[in-house]
Each structure stands twice: as C-alpha cells, then as structure tokens.
12 protein chains.
Amino acid sequence: MSRILVLHGPNLNLLGDREPQLYGDTSLEEIDHMLEEEAASLGVKLRIEQSNHEGELIDVIHRERTWAKAIIINPAGYTHTSVALADALRAVRLPVIEVHLSNIHAREPFRDQSVTASACVGQISGFRAYSYILALYAAKQIIEQGPTP
Amino acid sequence: MSRILVLHGPNLNLLGDREPQLYGDTSLEEIDHMLEEEAASLGVKLRIEQSNHEGELIDVIHRERTWAKAIIINPAGYTHTSVALADALRAVRLPVIEVHLSNIHAREPFRDQSVTASACVGQISGFRAYSYILALYAAKQIIEQGPTP
Amino acid sequence: MSRILVLHGPNLNLLGDREPQLYGDTSLEEIDHMLEEEAASLGVKLRIEQSNHEGELIDVIHRERTWAKAIIINPAGYTHTSVALADALRAVRLPVIEVHLSNIHAREPFRDQSVTASACVGQISGFRAYSYILALYAAKQIIEQGPTP
Amino acid sequence: MSRILVLHGPNLNLLGDREPQLYGDTSLEEIDHMLEEEAASLGVKLRIEQSNHEGELIDVIHRERTWAKAIIINPAGYTHTSVALADALRAVRLPVIEVHLSNIHAREPFRDQSVTASACVGQISGFRAYSYILALYAAKQIIEQGPTP
Amino acid sequence: MSRILVLHGPNLNLLGDREPQLYGDTSLEEIDHMLEEEAASLGVKLRIEQSNHEGELIDVIHRERTWAKAIIINPAGYTHTSVALADALRAVRLPVIEVHLSNIHAREPFRDQSVTASACVGQISGFRAYSYILALYAAKQIIEQGPTP
Amino acid sequence: MSRILVLHGPNLNLLGDREPQLYGDTSLEEIDHMLEEEAASLGVKLRIEQSNHEGELIDVIHRERTWAKAIIINPAGYTHTSVALADALRAVRLPVIEVHLSNIHAREPFRDQSVTASACVGQISGFRAYSYILALYAAKQIIEQGPTP
Amino acid sequence: MSRILVLHGPNLNLLGDREPQLYGDTSLEEIDHMLEEEAASLGVKLRIEQSNHEGELIDVIHRERTWAKAIIINPAGYTHTSVALADALRAVRLPVIEVHLSNIHAREPFRDQSVTASACVGQISGFRAYSYILALYAAKQIIEQGPTP
Amino acid sequence: MSRILVLHGPNLNLLGDREPQLYGDTSLEEIDHMLEEEAASLGVKLRIEQSNHEGELIDVIHRERTWAKAIIINPAGYTHTSVALADALRAVRLPVIEVHLSNIHAREPFRDQSVTASACVGQISGFRAYSYILALYAAKQIIEQGPTP
Amino acid sequence: MSRILVLHGPNLNLLGDREPQLYGDTSLEEIDHMLEEEAASLGVKLRIEQSNHEGELIDVIHRERTWAKAIIINPAGYTHTSVALADALRAVRLPVIEVHLSNIHAREPFRDQSVTASACVGQISGFRAYSYILALYAAKQIIEQGPTP
Amino acid sequence: MSRILVLHGPNLNLLGDREPQLYGDTSLEEIDHMLEEEAASLGVKLRIEQSNHEGELIDVIHRERTWAKAIIINPAGYTHTSVALADALRAVRLPVIEVHLSNIHAREPFRDQSVTASACVGQISGFRAYSYILALYAAKQIIEQGPTP
Amino acid sequence: MSRILVLHGPNLNLLGDREPQLYGDTSLEEIDHMLEEEAASLGVKLRIEQSNHEGELIDVIHRERTWAKAIIINPAGYTHTSVALADALRAVRLPVIEVHLSNIHAREPFRDQSVTASACVGQISGFRAYSYILALYAAKQIIEQGPTP
Amino acid sequence: MSRILVLHGPNLNLLGDREPQLYGDTSLEEIDHMLEEEAASLGVKLRIEQSNHEGELIDVIHRERTWAKAIIINPAGYTHTSVALADALRAVRLPVIEVHLSNIHAREPFRDQSVTASACVGQISGFRAYSYILALYAAKQIIEQGPTP
C-alpha cells in the first residue's frame, strides 16, 4: 500500500489567518482534512506533520524514511535557505515532491531561488490548497509505477 | 464547457527520440493521445498545437484567446529567453499554467530562470508526461471554480 | 520624397485590448490611421507592418532597405533580447528611431536594458500613441536635413 | 495658457564648444532661441534656466512648481547619479520629460542607467537640439489634453 | 493597556561576556531589568523571551500574537538569513520594531542585508542597550496613537 | 549644556506636500517646532538647517563642528550617493545619528544602500516625524553619558 | 558518401553589403559557390540553407537529421541567445561545427558568450569565408574517421 | 588534562547510509568509537554530541564553553548558511577546528563558501573519517602548546 | 609662461585636522604655501581654489579654462561619484592630473573606482602632500614639451 | 617561404598520458611529427617549442618575432589568466591563431573565458590533434594571401 | 616504502621573516627539518622543493610523478590564480593534499577562492607549521590504505 | 646613500617597438639611461632589472631586499593577476611605488583593477617615461625623510 509523508514547514499552522490574498483562507486543518479524504478514496496512507523548526523537520524525515514511500513537502520559508533540509531530503533517497501554495516564481526575487528543489523529483506551485492534491496524484503515480513515463 | 489550449514549444515534436534519459521515451503523439483521453473523461475540450517558431506560438495565443478558457503551455527553450511570449500570455488575460517534463530547477543554472513563469498562475515541473495531466486537473479546477481556494 | 518604414513588434496587434493602464486604449489600427494622416500632412510616405515573428521583422527590414530612408520601430518584447534584430538594423545602415508606448525606464528592471537601442539614432518612450508622432517628426527632420543640428 | 519650465543641467553652458562630434555645434543660446521661437508659435510660455549645481536645480524645481504646468529637463551628468534630483521631480507632481542631446543608450554603459528617468512621463534622446523641440510638442500635448491617448 | 512582546535572538544570552567592544558589557539580565523598569514607569506590560532556536522564536511569535499589541525583536544572527522568521512576523500582522545593539550598517557587509527588516515598521540600531529603550518608546507610541504622524 | 546640530537634506522643505502616503503630512516647520519644544523640556540647545545643496550641507557640518556636541542628520536623497557628505561626517569626529522618516529598508532596493550610515553611531528609520524625537533622546544620552552602555 | 548540412543564420544573406570591415566583402552566394567547389573536389555532398527565422532553422535541423551526417552552422545573432536552437542541435545527435566569420572572442563582451557552442564538437572563428572551408575539412574528417584522434 | 567538545551537525546521524560515494560507509557510531580510542591513547577527554537543530548546537556550545578547552565541529549543512552558529563559536572564545568529511572545495560552488570558517582557527576537509583524527591531533597541540608555532 | 589651476575638492579645507593617520597632519594652507614656493622656483603661475560644492568646482573649471594651461585636481569624495565633474574636465580640453593624498587603491573597494580618472592624462596617489608637488612637475613638463615622450 | 612558430603551453608535454578522454591519446611528439610532415608537404617551415613557464613563452615570442611570419599557440592553462602573455602576442604584431584540443566552450565555465583570444586573428577548438592541422592551413593562407577574403 | 613530494610555493623561502603575525616565526628550514624528523619516525621518504616560479613548480610535479606516491603542496600566492598548476596536479593522477599555514577562509575574500583545491583530495589550513605535519599523517594514511574509510 | 631597486615587468623590453600610440616610442634602454642620469644628479644609486618571468621578479625582490631602501616597479601585465608578486612586495617590508606608462584607469576595465597596488605606498600612472622620473623623486623623498608629510 502507498504510504506518503506530508510535511508542512514554518508558519503554515497559521494558514487561513495569514495574508489570505496570497495564501487563500483555507486553514491547515481543512487542507489536512481534504488530503485525508482524497487519500482514503485513492487507497493511500498518510502521515502529516507541521513544524516551525528546521531541525524538527529533518528529524521527522529521518524517522519516517523507512515507513514512507514518498514525501510531499512544503518547505515554506526554509525553501530558499536550508541546505541542511535539502541534504536530509537527498540522504533518505525517497521521491520528494515540493509544493507551494502561491506561485513562487511570480513573487519577490528571493523566493524564486529554491535550495530544496534540486533534491526533488518535481515541483508544483501556485494552486493554493489544490497544489497538495495534485502532489498526491503525482506521488501515488510514482510509487505505483516508478518514474512517470 | 471547459475549453483549454495546449501549447508545445520548440523541439517537443522530437519527443521520445531526443535525450530520453531527460525527457522520457513517450512521443508527443502519445502525450497528446493521453491528454485527449483524460480530457474526454473529464468533459473538457482541447486544442493542441506545437511549433518551433516563437512568433507562431504568439499568433496561436492571440488567435485562440476568445475560444480558450485557460492555457497549458510548455515553452521549452523559450522559457528562459522570450519576453515576447511572456507579454503575449499576459496580454490575453487567461489563466496560464506552465508545464515542464523535467525538473528545470535541478538542471543547468540557466534553465532555472523562467521569463514566462511570472505570467502564469502556477508551474508544474518534473513529472514528465504526467506533468500535463496534472496541469489539466488544475486548469479544469480554475475554470470551473475560479481561483483555487 | 521622404519614405519611412514603420515596424510594430510582437503583441502590438492586441493594442487597446491589452493592459490598457500601461499601453493606453487606442488600437493599433487607430495609431496607424493617426500616423497616415500626420504623414500625409507632412508629405511623407509610410509603409507599416506588424509581426509577432522575430525572423519576419528581420526579413521586412532587409526587403525595404532600399525603398526606405528611415525606420521607426517599436521592437516590444524583442527590445530586450534580440541580438539578431539589432544586427539587422545595423546591417541596413539607415537611421532608426526606437519607439515605446510606455516609459520603459520606469518599469521592471529587465525592461530597462535595450539590446536594440545601440543600433538606433535615438529613442522616444513614454508618450503612448503620441511617441510615434514625435518619431515621425524626428525621422522627417533627419531625412531632409541630415543629422539634426 | 501652457507654462513650461526648461532646465539645462551641468556643463550645458559650454554647448557648441564641447565635444561637438557628440553634442553638435549649436550653442545653448541658439537652442534657447529656437525653443523661444517655437514656443511663441505654439502659444506656450517658457522659463529657462541652466545650472551646474545639483542643489540649484532642485531649488528651481521647488520654486517654479506652482507656476509651471510641466517640466522639460536635461539632467546631463546628474542623470546617472542624483537620487536627490529624482526625488525633487517626484515631489512636485508635475509631468516631467527627460531630454538628451545624444543617444545615451548607445554610449558608455554607465550612461545607460538613468536615475531620474523613473520620475518622468517619458524620455527623448538622440536628436541633438531637436530633442528639445520634440519635448516641447509632447509637453504641450500633455498639458492641454491630459495623458496622451 | 499596552502589551509588548520582547524577543532576543541567538547568542544574546551570552551578552556582557561576548565581544564587549562590539556589544557593550551589560548582561541580558540587566537589559531586561532596565526594560521592565522603564515599562513600569510607562504603564506598559512586557513579556520577554530569549531563544537560540529559530523555530522556537517563530513558535513564541505565533503563541503571543493575540496577547501582544506590538513586537520588539533583536533577531541577531537570524537577521540576515531567516526568511521563515520574517514570514512569521508578517503573518501575525502586528507592528514590529527591529532592534540591534551595534550599528549593523557599519560592520561586515553580510550584516548590512536584513531579511527581517522588510517585515517591520522600523529599525533602530547602534545604541547598544539603549536601542531597546528607544524601541519601547516607539512601540508605545504606535500602539496608543496608531502609525506615527 | 547639550548642543545638537539638526540637518535636513534635499527636498525635505517640501514635507507635508510631497507624497504624504510615504512621508506623512506633517510639514518641516511642524517637525522643527516639535523638536524645539522637546529640546526645551530636555534642556538641550538646537541649531537646525535645511539645504538642497550637497556642498552647503558639508559647509554647515564644518562650520558647526566646534559648537555642536552631536549631529542628527536626515541626508534624504544624498544618503545613497554622497561619499563627500560621509567624509565630512567622519572628518568632524562627532557622534552622528542618521534619521529617516520612512523605513528605507522596506522600499526600493537602491534606498537600502546607505553610503552615509557607516559614518554614524546609529540609524533610526520608519517612525516618520517621531524618528527625530527618538534621535534627540539618543543624542542627549550619548552626549551626557558617553557611548550608551 | 559524406553528406553535410550547412546552415547560415540571420542577416548572413546581406553578406558583402553589411559592415565589410568586420565580415569581409564576399557575398553569401560566393561563399556557397566556394563551398560547393571545395565539396566537389573532396567528394562531399552539401545542402545549404539560410534563414532569418529561429524556428525555421530548427525546422531544417529536424527535417535533415536523417539525411545529414554532420552540420556546419553559423548561428550569427542567435549564437548568444537561443536556447531553443541549442536544444535542437543537441536533440539530433549529429556532430556539429560552429563557424564564425569574425573572431567573436575579440569583439563586444556579449558576443563572447555562446549558448550554442556547448552543443557542438568544436568551434572555428575569425578566418572570414575561410572559416567555412576549414569546417568542411573538419566535418569530413569526423564523418570518415570518427572523432579526431 | 585536555578536554575537547566534538560536535556533529545535521544529517550526520545517517552516516554510512547516506550517499556513501561522497561520505564513506563508516557510520557515526564507528567514527565516535575511533575518536574515543584515539583520545584515550592521547590522554584526551571528549564530549560528543550530534544534533539536527541549529539552536541545539548553539545551546551545547554555550553550555560546554567552560568545560571544553577546544571545539571540533562538522557544521555540515549549516556551514554555508548559519550566521547564528558562527556568532556562537566566536562568542565562546575557544579555539575551534572545522572538519569536513569530503573536500568541500571540490564540490558544488555553494559548498565552497563557509560562513563558519571565519570563526575557526583552521579547517581540515577531504579525508573522510580521518579528518576527525587529524583535528584531534591539532586540537591537542593547540591546547597544550598554545597557537602552533 | 606656464599657468596651472589647482583644485581642492570637498572636506580638504579640514586637512590636518581630519583623520591624520590617513591624510597626514599638514593643513591645506601649508600645502598651498609649499605649492606656491615650488611654483615660484619653477617659474610657474598658480590659481588655487577649494570648494565643498560640486557645482562650484564645475563653475571654476569653466571660468578658468582659457587662463589655465593645465589642471591639477584632487576631487576627493567626488572622485567616485561625479559624472558631472568628469564631463566638465573633458569639456575644457586641457591636460588634467588627478591627485590623491592617500593610495586610493589600497583602501575601501568603493574608493578604487574613479569616475574622474578617465578624463585625465594621469594619476598620482599615495604620497600625501608630496603628491601635489609631483603633479606640479608633471604638469610643467606636459605644458612645456607636449605629451611626455 | 612561410615560417611559422608553434607554441605549446603548460602540461602539454604530458599529452597522451593525461586525461585521454578529454585530450586524446596522441602524444605531443606525435602531434609535432604530424605537423612537420604536413608542413613539409605544404612547403612551410616550422619552429616548435613547449614550456610550462609563462615567462619562457613570452621570451620565445619576443625572440622569434622577426623570423616568424605567424604564430600558432595553444596557451593551455594560461589561456584564462595571462594578461602578460596576451600583451606579448599583441606586441609582436604577427597574425596569431589560438588552438585548443578540446572544445573549451563546452567545459567548466572558467575555461570559456579566454584572455589571450582578443590578441588573435581567430580561434580553433575541439578537434584534438587535428585542430593544429587546421591552424596550419589557416596560417599559410593568411601569410600568403593576407587576411582571408 | 611511502615516498612523498613536498612543494613550497612562492615567497615561502622568506618564512619567519615575513609578516610573522600571520605566518608564524618558524623559518622554512625549520619546517623542513620538522618534516624530515617526523617522516623518519614514520618510515616515510621525502623530497622537498621550493620555488617562486609557477613553471618550475609544474616542471617538478612532472619530473617526480613516477617517484612520488603523493604530493603535499602549499601553492601560496598561486592558489588563487594558477589554472596551469591545477592542470598539472590533475595530470599526474596522484593524491594531492593542499596545505596553508594560515586559515585562508578567514582572510581577504580573494584568498577564499582556491583554483587548485579542486585538484586535491583534501585541504588543511590554519595550523601554521603543524599543518604540514597533519598533511604528512594524511598522506601516509592514503598511500598505505588507499582512500581513507 | 639612497639605494633604489627599479623593476620592469613583462614585455617592457620591447618598449618603443610595441604599440607606440599607447606606450610612447622611447625604448627601455633610453628610459634606463634617463633614470641613471637623473639618479646621478640626485645622488641616488640604482639597480635596474627587467624580466618576463613572474618568478624571476619575485626572486630579484627577495635578493635585493637588504640592499635596497625602496622599490620602483612597473608590474605591467602582472599588475592585474599576480597575488604572488603582491605577496613578495608585502613580504620585504620596503616602501614600493607602482609605476605605469599609460593611465591604466582610462583603458580597458580589466586594467583598472590592480592586485599589486595594495602592497604599495603610492601609484603614478599616465606620464609615459616621465612616470619613472616622478617615482624617483618620490622614492628619494620617502627614504630620506620618512613617509611624506
């Protein structure tokens, strides 16, 4: 059975409350609920965690590296600076999908540079909560059929 | 009914034949077939075009701007250089989704800079042929429900 | 008699419809009409062309290089990237006047760098449709009296 | 009646004497005379000043900001360095037209960067003395009809 | 009543002991004491925390965002690198004042670039312990009277 | 008794009239009045000057260097370009406090680079008129007690 | 038998007429004639095309990719900007030789950066028309004997 | 007696398992064992800690700053980004030796820039597990004889 | 007879008082006295002026351009920023010698870039007051014998 | 009779032994032999030297500057750094042809910048030993017929 | 038996005499003596050379490449500029250890960029004379046991 | 008695013959003769050497460091690249004067950056052969009177 680790990075716990014109007004609980529902209908198992701590996110990646078959991560503010997080993703040798709520390529220049992206299979950005659902489809596809054709 | 313009940029007509370790061995015809099938099952109408000419791509965007409700585009080699193409995408005021077969953020540095991305709603890269399918879901969602929640 | 080639670059065919807060709501037909009227009253002959194709613009410059005594060009999105277009302008050895509807020096940084400007006698930007009229005066002046005093 | 402030920046008092291959051999007095004549025939009133002092130019802009309806300025050497002058132009909230005798975009790279241009409606460069006449037409147009169509 | 969160970033717990020629020889306890005294005389309530953990600082900002009316933060070493911390400050939509003991604009170049400053109302640097007192005045002013005149 | 020189740079004489959304609608006269009142209550003597001339500001700094015990300066547009002004501030060896009405670190990139800041004890920016009052407190503190603890 | 595709990029149709001090006064017809003669004496077959259109050049490369055993290309103005052309050259997996009439390494800096060169076996520049003849020798050598020893 | 703090940064707990072609297949436990053995034979006392948390590493440095006479640290992914960690190392005023398993100067460019190195006495990189042993020799030498001759 | 204009730029009137470790403790009066004495013994006539005003320095250069046969200038803080001053020096077409008291090539990086140097025959820096004397020898040589052999 | 100096730069004496996948397995002796044979059949005289010393290469260029009619040089590692070598090539005013075994434009970025190329007539790179033969043809052509047509 | 080539680059012959606060006051003779003694006790044979000539260093590397089993090199001033030296080290295919007396990562920025490091197994810097001893241990380890575990 | 070492860098032996419009037509022998004559009349002893070898120049600086009281050096092409030469000049702790025939600040940009200048007391450039004579005056002044007043 497909088992996927979903990781929410810093400040995402405030979702819905924080700059809704950029990030939408859906809360993180609602996103997690949507993900659980969609996962159930796809026959996929999820473990979901959120942390504001860079080290905590690395710990979780290490801890779940044998349980999980793929990782969906929204590194948020760590996207642009964390070499350590990127090293962790590379170290566990699982397919990783980077997700962003907003289109990071159409915002401030410093948000266009992703340190973590080079450790990922692919990146989906700009569809708000729906970015996660698309990532779920992609992760399932990769786990079940190997690298997409 | 949802009507979507799908645009393939330069060299994509060689797909399957060209550097398969990077782009997969699916041909463009096969991708178009997959798209048509998925579109049919979703109740979505497609118009698909490929061109190696920058000006031709701009012409098609202009010509189809009243028919289409959204655009899915893989600008390929023009991603990194074409201000004129980005201007065309902005000019028609439709939701645009940028698609890439490979993860452009994990390749040569010059491929990490996208001139066209800032004219788009979002970007999906790295899932080979499946990137287009994900873009189809996203486009349908935006057309039918407005900006994703 | 003064003969002037007027060239409109990519996306200008959408004028009036596209981002009117930046480019004004006059259509390209209206600008061409204004130019024809002003030219008639000045005793100047015009040939006017628009193309979204970089190569097409180069072809026209080559083809009209013996008929025309001067060129007025709005290279639009090619302003910032086309070495080939700048080479064409240099090759035909005619006085060239670069025109922009908006003040390109007060917009995004990448619009401030003009590859084509160094092949021109001068540049007029920021007066919307009226930029072309001013260029017409300047071109006539140069043709009839040589380099302005 | 249209009232326009014309400002000549540093070293322009030497015009005609200084590097004529770049700036032409017309003296500043002759340019001012041409401007006065053209203005008279257009029914426009001018005030013209030249100064080599950055602070003096700012003082004049402040002092004439209620009398003038528009400003034509050739900031010369201050074009590329004076944030203070650009702030002054922005502060008086009048339409400003930047003028250059030579095509600053086809000379040394440091002359291609204009600090003052972003405070202006538009820019005209490369037509020597005639650049001022074109600016006069543009300024009259803007004063009488608001932003050009 | 005015309620202000005061946050000390990494290494500030060593204050007084660490490079006193740069940071002064006042300890963090003494600064906190000075702040408490000044706050009492101003009728302002403080909550003060120090942490070397980036994630911990973000957690505190989240936790206190309804209690506090303003934030005074010395991000120390995270000033120049933490996009996540800047996002947290932006997310809680409170007026934030950035404080530095030394004049960061007169030290090593990398200390001149502040990632967090753009999320703040203002910045005070260079007055050692007194920078905090000045920030207290400013915060009170903003809370009680809205944005300073 | 504490004697402080207050210097207002270019365009500040237009304050209240110029872009009030950025700089507030308090006039320079009102700021000077506030400063004089606060100074009187603190037992501090002020000399206040405004000039649009870079050289004039340097002259005043030289002239008052024996009378003044500290300098408060808002270099405005010269902040980002004047090496000569920074040299003057360094030359007189007085404690200097740089003041800005708006938060220069949260505006256009070129405003983030301060040439003068490295000649100062500290910098206060973003509190509009109140920035000057805070600077007054800081200057008094430094004069009376030497470098803040 | 050796079959070689010779491609002339934009503006080369004007050869002999355009800036002869840089490019020599031999016309493109004369170069093609020289090439045909030399090819005949070497027992090599040529197909020669010129186009000002980026897309057209890509189309020809695709179309001739099974007929040709090697490509000689002078990308002219597209040398420095066309990622799409470089992708096309890489895609067809033939040995490609880049040719320039002038020594591009001794001209304007932007001409020193070749986007297409990394898709080529080698580069020959600076010998005017004779650059093509040398490329012919090299292409024949590679086709008949594999990579040069 | 010589007392040395050995710090392993993020992801090093996965050693042996993670990209062995870069980092060797020795596990962190084996390295610690080697270090303990070598330390015993040299008459040196060690405290060894590993953490994925930037703040945790800073806490340990603070806590052990009176016990330890020297620090050996492999900052791993924090090497290139953590100003806070470098500030901590500077603050405790102990001799610090930076260690890397791989030769960071022969890998990706961003790994060549070390933020922490300027807070260290020296750096040893490229000898895999043996880098730590060499650092042990160097630390002992510095503690017992002061700065090496 | 040789007639030389000597120009001292901003802050040089404070010489002897200002940062003597960098600029020496000779006052400007003493330097002028030394120059007058040396000039008398060489049979050379001097006019010497100092100003803190960029515009004033330009005015003097214009005013003395027929009297003087050569210019010796220490542009001080304007060296690195004043395009207007460099334009003035170029405009008067006299041999100009740039002088600096300190070795500007061995100080802060921004002092290494001279805007004015390209308008000069040569540059002498680093010999404190004696730099002027050497410039006097060089100016006399150039006036009397034309460009040095 | 044509007389040509052939210069091999540093490390080329190891050819055949050193990284054969990049430089081929032909030794320098074999290349020299091939060159001598080809030269004999063309009626050209050669002098060939190799040195690892930058100064030695300059000395040889000086010494042979009257004997030789042209120079063929492979500057190897000095290509990218030696201003002195480039000055020497410019000083002797002979036609110089730069040769590289590998395609330097398709390797590490620092190898793409040639300091010496701007002192040369042309450059040939990427054909291994055959690059020298092509250079021989080009040199003979230039000596006998002047600059190629 | 282990045979190691030790190479000292330019200016190291002045050691002890030159800037002792940076490089220590041990002379090169003393370092060589220390190395010989340590080598004897380890059963290792050394050949030691010093040269100020870049070409000489390359010659020695070539000449000793069959005798030596490893190289220890302090390239001194050539570290940051010599592509030719780096090419030589790569060409002989021996394990190379780069050594620096001072911590080059904590000095001027240009000393932080090593051209030669990418041709080495590892780098040791900052332990003055003791850096060489540590390199000796590392070289012996590599020769006897292959790449360190 | 004053003893001065005069060093001529690479290619200066060709002086008079090489690009006379830049460097004058005086030969190096004539310059040396002028220097000897001037030195005799000043009572100064000279040793003069020229070399094209970077290492040779370093050797001479080392060898003459006890005999000489000052060094005059024209590093020519090594000015812009040689860290090793700059290290040698710093190592011998003598006053060094850098000399250039042409005004290096008014030529190609790469000639404006001097690596060696930061090791010198001062720099004199642009007076052709007379630059050396001025350096002789300066060197004598420094030797006899210590640092110039």
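Report follows, based on the coordinates. (Residues numbered from 1 in each chain as written. Chains lettered and ligands numbered in written order. Predicted model: local features only at pLDDT ≥ 70, side-chain atom pairs only at ≥ 80, totals over all residues. Heavy atoms only, no water.)

**Here we look at the interface of chain E and chain A**
1) Next: Opposite the 16 residues of chain E that make contact, chain A presents 17 residues.
2) Next: Between chain E and chain A the total buried area reaches about 1,400 Å² when both faces are included, carbon and sulfur atoms providing 48% of it.
3) Next: Split by residue class, the side of chain E that touches chain A holds 6 nonpolar, 3 polar and 7 charged. (Contact = heavy atoms within 4.5 Å. Buried area = accessible area lost by both parts, 1.4 Å probe. Nonpolar A, V, L, I, M, F, W, Y, C, P; charged D, E, K, R; others polar.)

**Quick look at the relation of the copies chain E and chain A**
1) Next: Superposition record for chain E on chain A: RMSD 0.0 Å, screw rotation 120°, translation along axis 0.0 Å. Taken together, these values place the two copies in the relation of a three-fold axis. For chain E, the minimum C-alpha distance to the rotation axis belongs to E:T81 and amounts to 4.1 Å.
2) Next: Looking at the interface residues of chain E, only 12% of them are also at the interface in chain A, so each copy uses its own face. (Least-squares fit on C-alpha atoms with pLDDT ≥ 70 in both.)

**So, the sheet that holds strand β5 (residues 122-125) of chain H**
1) Next: Across the sheet, 10 strands lie side by side as β2(H)-β1(H)-β3(H)-β4(H)-β5(H)-β5(K)-β4(K)-β3(K)-β1(K)-β2(K); this open sheet has mixed pairing. The open sheet has two edge strands with one neighbour each: β2 (44-50) of chain H together with β2 (44-50) of chain K. Adjacent strand axes in the sheet meet at a mean angle of 20°, parallel and antiparallel pairs treated alike.
2) Next: As judged from the 3 bridges shared by strand β3 (residues 70-74) of chain K and strand β4 (residues 96-100) of chain K, these two strands associate in the parallel manner. Of the residues in β4(K), the one forming a bridge with K:I72 is K:I97. (Pairing = 2+ DSSP bridges. Helix = DSSP H or I, 4+ residues; strand = E, 2+ residues; numbered from the N terminus. Axes fitted to C-alpha atoms, helices over the stretch in contact; angles between N-to-C directions.)

**Some words on the pattern of salt bridges**
1) Next: Scanning all chains against the criterion turns up 60 salt bridges over all chains.
2) Next: Residue A:E144 is joined to A:K140 by a salt bridge in which the shortest nitrogen-to-oxygen separation is 2.9 Å. Placement of the pair is A:E144 and A:K140 together in helix α5 (residues 130-145), with a separation of 4 residues, close to one helical turn.
3) Next: A:E144 sits in the partly exposed class, given a relative accessible area of 44%.
4) Next: Between G:R63 and G:E49 there is a salt bridge, and its shortest N-O distance comes to 2.7 Å. Taken as a pair, G:R63 in helix α3 (residues 54-63) and G:E49 in strand β2 (residues 44-50) lie far apart in primary sequence, 14 residues in all.
5) Next: Using a relative accessible area of 47% as the deciding quantity, one classes G:R63 as partly exposed. (Salt bridge = Lys/Arg side-chain N within 4 Å of Asp/Glu carboxyl O. Buried < 20%, exposed > 50% of the residue type's maximum accessible area, 1.4 Å probe, protein only.)

**Description of helix α3 (residues 54-63) of chain H**
1) Next: Of all the 10 residues making up α3(H), 7 are buried; the element is thus mostly covered by neighbouring parts of the structure.
2) Next: Among all positions in α3(H), only H:E54, H:G55, H:L57, H:I58, H:V60, H:I61 and H:H62 are buried.
3) Next: Buried-residue contacts for α3(H) involve α3 (54-63) of chain A, α3 (54-63) of chain E together with β1 (2-8), β2, β3 (70-74) and α4 (83-91) of chain H.

**Focus on the interface of chain K and chain H**
1) Next: Of the residues lining the interface, 26 residues belong to chain K; the matching set on chain H comes to 26 residues.
2) Next: Both faces combined, the contact of chain K with chain H buries some 2,300 Å², and carbon together with sulfur accounts for 60% of it.
3) Next: If you look at where chain K meets chain H, you find 0 salt bridges.
4) Next: Where chain K meets chain H, there are 9 residue pairs in polar contact (both at pLDDT 80 or more).
5) Next: Every element with two or more residues in the side of chain K that touches chain H is listed here: β5 (122-125) and α5 (130-145) of chain K.
6) Next: The element best represented in the side of chain K that touches chain H is α5(K), accounting for 6 residues. (Polar contact = N/O pair within 3.5 Å; in protein donor to acceptor, adjacent residues only side chain to side chain.)

**Examining the arrangement of the chains**
1) Next: Regarding chain A and chain I, the two do not touch, and the least distance separating their C-alpha atoms is 26 Å.
2) Next: What separates chain I from chain J at the closest point of their C-alpha atoms is a distance of 19 Å, and the two make no contact.

**Examining the relation of the copies chain K and chain H**
Copy one and copy two of the chain differ by a rotation about an axis and a translation along that axis.
1) Next: Rotating chain K by 180° and moving it 0.0 Å along the rotation axis overlays it on chain H with an RMSD of 0.0 Å. Overall, the copies show the geometry of a two-fold rotation axis. Taking the C-alpha atom as reference, chain K places K:I124 closest to the rotation axis, 2.2 Å from it.

**Overview of the packing of helix α5 (residues 129-145) of chain I against helix α5 (residues 129-145) of chain L**
1) Next: Between α5(I) and α5(L), the shortest axis-to-axis distance is 10 Å and the interhelical angle comes to 150°. In this view, α5(I) runs roughly antiparallel relative to α5(L), as classed from their interaxial angle. α5(L) is crossed by α5(I), and the crossing has right-handed handedness. Where α5(I) abuts α5(L), its residues I:Y130, I:L134, I:Y137, I:A138 and I:Q141 lie against L:Y130, L:L134, L:Y137, L:A138 and L:Q141.
2) Next: Partitioned by chemical class, the residues of the contact of α5(I) with α5(L) number 8 nonpolar, 2 polar and no charged. (Parallel < 35°, antiparallel > 145°, perpendicular 65-115°, else oblique. Left-handed = near helix turned anticlockwise from the far one by under 90°.)

**Observations concerning the sheet that holds strand β1 (residues 2-8) of chain D**
1) Next: Strand order in this open sheet of 10 strands is β2(C)-β1(C)-β3(C)-β4(C)-β5(C)-β5(D)-β4(D)-β3(D)-β1(D)-β2(D), and the pairing throughout is mixed. Each having just a single partner strand, β2 (44-50) of chain C together with β2 (44-50) of chain D make up the two edges of the open sheet. If you compare each strand with its neighbour and ignore which way they point, the axes differ by 20° on average.
2) Next: Across 5 bridges, the pairing between strand β1 (residues 2-8) of chain C and strand β3 (residues 70-74) of chain C is parallel. What sits directly across from C:L7, in β3(C), is C:I73.

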